Amino acid sequence: MQIECEKEALLEISQAALRVVSPRANTPALGGVRVTAGEDGLELAASDLETFITVKGDCSVIEEGSVVIPGRLFGEILRSLPSGRVVLSGGESGARIEGGRAEFQVSTFPVADFARPPSGDVGEPCRVDATDLARALRQVGRAASSDEGRPVLTGVLWVIDGDTLRVVATDSYRLAIAEVVAKEGPREGQAIIPNRALTEFGRHLVTAGSDEVAEIRLGQSQAVLSVGRVQLVTRLIEGEFPNWRRLLPDVQRNRLEVDKEEFGAAVARVGLVAQANTPVKFHLGKEVQLTAAESGVAEAAETVEGAEYTGEPMVTAFNPRFFSDGLEGVEGKRAVLDLTEPTKPATLKGEDQPNFTYLVMPVRLPS
Amino acid sequence: MTPSDAERLWLSPILHADLDAFYASVETLKDPGLRGRPVIVGGTSGRGVVTSASYEARRFGVRSAMPTAQARKLCPSGVFIQPSFPAYIAKSIQVKEIFEEFSVAVEPLSLDEAFLDLRTARRLWSDPPTAAEALKDRVMRATGLVLSVGVAPNKFLSKLASRMAKPDGVLVVGADRVDEFLRPLPVGHLWGVGEQTEVVMRRLGLRTIGDVAACPPEILERALGSHGAGLAQLALGRDDRKVVPDQVARSVGAEETFQRDLSEPTQILGALLKLSDRVASRLRGQGISGRTVSLKVRMPNFETFSRSRTLKCEVDGATGIYGVARELLEKFLESKPPGNRKIRLLGVSVGNLCRWPASDQMILDRRPEWGAAEVALDRVRLRFGEDALGFGALLEDG
């Protein structure tokens, strides 16, 4: 194969592929990037066994074919080259990269050894607005767990329910639910997709144009996610996701309404004195006050302006990080926190914003 | 005891724990035939000195650092033994582990003595004197060694107190009794006063610590330089040096080798819960928590496996620790053929320690009552002993 293209363009798509390459690949070919020149231009592919990504790009194809190049080295070479034209050529016996006055010879891996995407029937795509999906994934991503001990929680649950696509994540301390409109496609379906793959997919959603559409295909054991010229095929996480509907409180009698930015800043300020995972107390009554203390080291208190509380006076407490993660998901100026009692989950939402719900468990205060 | 009594006792939270005639005692434990005889451990060659002497030998005037030849003259019936350090080190480690059960702040001074700051363990002990007695008792039962303990407001005073508590005693210096305790003692008892300094002090007419305390600090400073200023503080019973652990304990754990290998799931899980509970109790007693739960499993053929998981939030509760340990164990056992699931030893430990209690972050979809219940459990155990209360599931086998 042989191609010719602009360095910047090749670098950009190669970086997207390289982010997926397994850092601990145990067969050399898995640490590689497959470069394919075909009728419809250039395609780069990479895999970490869980996720298989392909990114398409433009180039002039001089000779069709594929090579598998060691990924990290390929990335470093491209970064180091001067701007301008790059020529990549090669086959099973090796590849040659030329740019400016530099020239690299790199040995390649057999194309046949390269990872294959998870296969299986995935059916019709569900089409959603890319920007909207980017928003939803950003809102729930932080609530997903990174604890491999409970694999189900390291994923995000996708539920297609009529014309709504819902994404749900929880690490058992908080639960985030975001919705987007499913424009076309199947009216039902469900899958748990690894959050790591979604983080990568999210990057491409964010850079997509405002009128672009993302396509989601949910299969039995894998999902295919596409936007623009990027396609991710990822295996699904098996297991039963917690019954999130049952966790949502029915009636919550107490309500705190706040200015999102101001309240978020106050939580962050007061939270400065709280050691990792120690709580910020919410004193809710006529006045709304936040306090935190690191015993014997520091204390902080702040009465929050513009916070309105209606309901029974109470003191409750939250891990400031968990609370802030939820608040950041709120769009618009005002946020609403509904509470039942200090030991029950609180629900955080944006005012008049039905497509995002964030349930957060309080920290129990010593009696 | 009224709360104010307890508060007053907590003004003396520093322990100096010192094993009595350590090397000689270890030798006696190795060879019980030596019990009651004057045992002298030291270099037995011509220029050797005594490193440790049993109290029986001390009655003949034998002292540490005395030339062995002189000790032989004083105590011809003595049993003279060359020191064997591996045995002393092994015992010393055992004792230090016991110290660490009592406090996270343990500063060893040598193989046979250490400072403990009990303030990190306020939830575990009603007061320091009680802890000191329990420590002494625990060391005796676990190792057969006699410990003397000084309990005082600071390091200097507690070290003096343990010296005066010997042999086989506990001496408490209350914060309001410091002067009374200190003033009559000879100046040689002050930390850092050797022969040279003693000569200078005698010239100034200072014989007791009380004399030093009454002496204007300028005079001491003129005679002894900056050393004098420090001595003036000590003479007043003031010492603000902290107990500095040589290294922070990396983990808190408990393990058990079963008398018969366990294969019944209920027995195995029961044992796991018991161990989790023991670890949790120790963590909470010291007011600390950790983020990594580790499981150790030894099979009948002595193959030993470890599995661990790191959590997002610290834990210090039995249910939290048990939940993780159980998942680790179940996953481990699944990887073994059904015929090979007998267990000889189980261990649970919590690492990645933090110097604060776990915040009681509640969990969606789980019973929330346990955290508070476990704190109540600690209180009952403090008053009535380890076995007073436990989890319902633990009672099945006993």
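Calculation notes
- Residues numbered from 1 in each chain as written.
- Chains lettered and ligands numbered in written order.
- Predicted model: local features only at pLDDT ≥ 70, side-chain atom pairs only at ≥ 80, totals over all residues.
- Heavy atoms only, no water.
- Helix = DSSP H or I, 4+ residues; strand = E, 2+ residues; numbered from the N terminus.
- Expected span 1.5 Å × (residues − 1).
- Buried < 20%, exposed > 50% of the residue type's maximum accessible area, 1.4 Å probe, protein only.
- Phe/Tyr/Trp six-rings, centres within 6.5 Å; stacked < 30°, edge-to-face > 60°.
- Pairing = 2+ DSSP bridges.
- Axes fitted to C-alpha atoms, helices over the stretch in contact; angles between N-to-C directions.
- Core = buried A, V, L, I, M, F, W, Y, C linked by side-chain atoms within 4.5 Å.
- Contact = heavy atoms within 4.5 Å.
- Parallel < 35°, antiparallel > 145°, perpendicular 65-115°, else oblique.
- Left-handed = near helix turned anticlockwise from the far one by under 90°.
- Nonpolar A, V, L, I, M, F, W, Y, C, P; charged D, E, K, R; others polar.
- Disulfide = S-S within 2.5 Å.
- Salt bridge = Lys/Arg side-chain N within 4 Å of Asp/Glu carboxyl O.
- Buried area = accessible area lost by both parts, 1.4 Å probe.
- Polar contact = N/O pair within 3.5 Å; in protein donor to acceptor, adjacent residues only side chain to side chain.

(A) Quick peek at helix 5 (residues 85–102) of chain B. Here helix 5 of chain B spans 26 Å end to end across 18 residues, near enough to the 26 Å set by a 1.5 Å rise per residue. When helix 5 of chain B is considered as a whole, its buried residues turn out to be Tyr-88, Lys-91, Ser-92, Val-95, Ile-98, Phe-99, Glu-101 and Phe-102 of chain B.

(B) Focus on the packing of aromatic side chains. Residue and element names in this part refer to chain A. For the coordinates displayed, the defined rule picks out 14 aromatic pairs over all chains. Seen in terms of ring centroids, Phe-282 and Phe-323 are 5.0 Å apart; in terms of plane orientation they differ by 65 degrees. Their pairing is edge-to-face. Taken together, the residues Phe-282 in strand 19 (residues 280–284) and Phe-323 in helix 7 (residues 320–329) connect sequence positions 41 residues apart. Phe-323 shares its class with Phe-282; the two are buried.

(C) Representation of the sheet that holds strand 7 (residues 147–152) of chain B within the structure. Residues and elements named next belong to chain B. Spatially, 5-6-1-7-8 is the arrangement adopted by the five strands of the open sheet, whose pairing is mixed. Strands at the two margins of the open sheet, each flanked by one partner only, are strand 5 (105–110) and strand 8 (170–172). Averaged over neighbouring strand pairs, the angle between their axes works out to 15 degrees when direction is ignored. Taken together, the five bridges between strand 1 (residues 14–19) and strand 6 (residues 113–117) define a ladder with antiparallel strand orientation.

(D) Here's a closer look at the nonpolar core. The biggest cluster of nonpolar side chains holds 99 residues, and the ones touching the most others in it are Val-35, Leu-133, Trp-158, Phe-201, Leu-256, Phe-263 and Phe-282 of chain A. With residues near it in sequence (within four places) discarded, Phe-201 of chain A still touches Leu-133, Leu-137, Ala-214, Ile-216, Leu-225, Ser-226, Val-227 and Leu-232 of chain A. Listed in part, the 35 residues of the second largest apolar core include Val-293, Val-324, Phe-332 and Ile-343 of chain B.

(E) View of the packing of helix 6 (residues 260–271) of chain A against helix 7 of chain A. Residue and element names in this part refer to chain A. Contact geometry for helix 6 and helix 7: axes closest at 10 Å, N-to-C directions at 165 degrees. As judged from the angle between their axes, helix 6 and helix 7 are roughly antiparallel. Of the two possible hands of crossing, helix 6 and helix 7 adopt the one that is left-handed. Of the residues in helix 7, those in contact with Lys-260, Phe-263, Gly-264 and Val-267 of helix 6 are Pro-320, Phe-323, Ser-324, Leu-327 and Glu-328. The residue makeup of the contact of helix 6 with helix 7, split by class, is five nonpolar, two polar and two charged.

(F) Up close: the state of the cysteines. Under the defined criterion, the tally for this structure stands at zero disulfides over all chains. Of all cysteine sulfurs in the structure, the one in Cys-59 of chain A sits closest to Cys-5 of chain A, which takes part in no disulfide; the separation is 5.7 Å.

(G) How the structure looks around the pairing of strand 20 (residues 288–294) of chain A. Residues and elements named next belong to chain A. Within strand 20, five of the seven residues are buried, which leaves it mostly tucked inside the rest of the structure. In terms of strand pairing, strand 19 meets strand 20 through four bridges, oriented antiparallel. Residue pairing for strand 20: Leu-284 is matched across the bridge by Val-288. Pairing of strand 20 with strand 21 (residues 298–303), which is carried by six bridges, proceeds in the antiparallel orientation. Across the sheet, Leu-290 pairs through a bridge with Glu-302, a residue of strand 21.

(H) Broad picture of unusual backbone geometry. All names here are of chain B. Here the residue pair Lys-166 and Pro-167 is connected by a cis peptide bond, since its omega of -10 degrees sits within 30 degrees of zero. Within the secondary structure, Pro-167 is located in the loop between helix 7 (155–165) and strand 8. In this structure, Asn-352 takes a positive phi of about 55 degrees despite not being glycine.

(I) Expanded view of the pattern of salt bridges. The tally for this structure, following the rule as stated, stands at 50 salt bridges over all chains. One salt bridge connects Asp-132 of chain A with Arg-135 of chain A, and the closest N-O pair in it is separated by 2.9 Å. Remark: Arg-135 of chain A and Asp-132 of chain A occur in helix 3 (residues 130–141); sequence separation between them is three residues, near one turn of the helix. We note a salt bridge from Glu-256 of chain B to Lys-274 of chain B, for which the minimum N-O separation is 3.9 Å. Highlighted residues: Glu-256 of chain B in strand 9 (residues 251–262) and Lys-274 of chain B in helix 13 (residues 265–285), separated in sequence by 18 residues. Look at Lys-274 of chain B and you get partly exposed, because its relative accessible area is 34%. Salt bridges sharing common partners tie together Arg-142, Asp-171, Arg-174, Asp-325 and Glu-328 of chain A.

(J) Expanded view of the sheet that holds strand 10 (residues 289–298) of chain B. All names here are of chain B. Strand order across the open sheet formed by four strands is 9-12-10-11, with antiparallel pairing between neighbours. Strand pairing shows two members of the sheet lacking a second neighbour, strand 9 and strand 11 (304–315), which therefore form its edges. Each strand of the sheet is rotated relative to its neighbour by a mean of 15 degrees, with strand direction disregarded. With eight bridges connecting them, strand 10 and strand 11 associate as antiparallel partners. For Gly-290, the partnering residue across the bridge sits in strand 11 and is Val-315.

(K) View of the interface of chain A and chain B. In this assembly, 31 residues from chain A lie in contact with 19 residues from chain B. With both sides pooled, the region where chain A packs onto chain B buries about 2100 Å², and carbon together with sulfur makes up 54% of that total. The interface formed by chain A and chain B holds zero salt bridges in total. Between the two partners, chain A and chain B, sit two residue pairs in polar contact (both at pLDDT 80 or more). Of all the secondary-structure elements, those providing two or more residues to the side of chain A that touches chain B are strand 13 (174–184), helix 5 (244–247), helix 7 and strand 27 (363–364) of chain A. Residue composition of the side of chain A that touches chain B, by class: 13 nonpolar, ten polar and eight charged. In this structure, strand 27 of chain A lies alongside strand 13 (residues 360–361) of chain B, joined through two bridges in antiparallel fashion. Bridge pairing in strand 13 of chain B links Val-363 of chain A to Gln-361 of chain B.

(L) Fine view of the environment of Asp-277 of chain B. Along the polypeptide, Asp-277 of chain B turns up in helix 13. As for Asp-277 of chain B and Ile-321 of chain B, which are separated by 44 residues in sequence, their C-alpha atoms are 8.0 Å apart.

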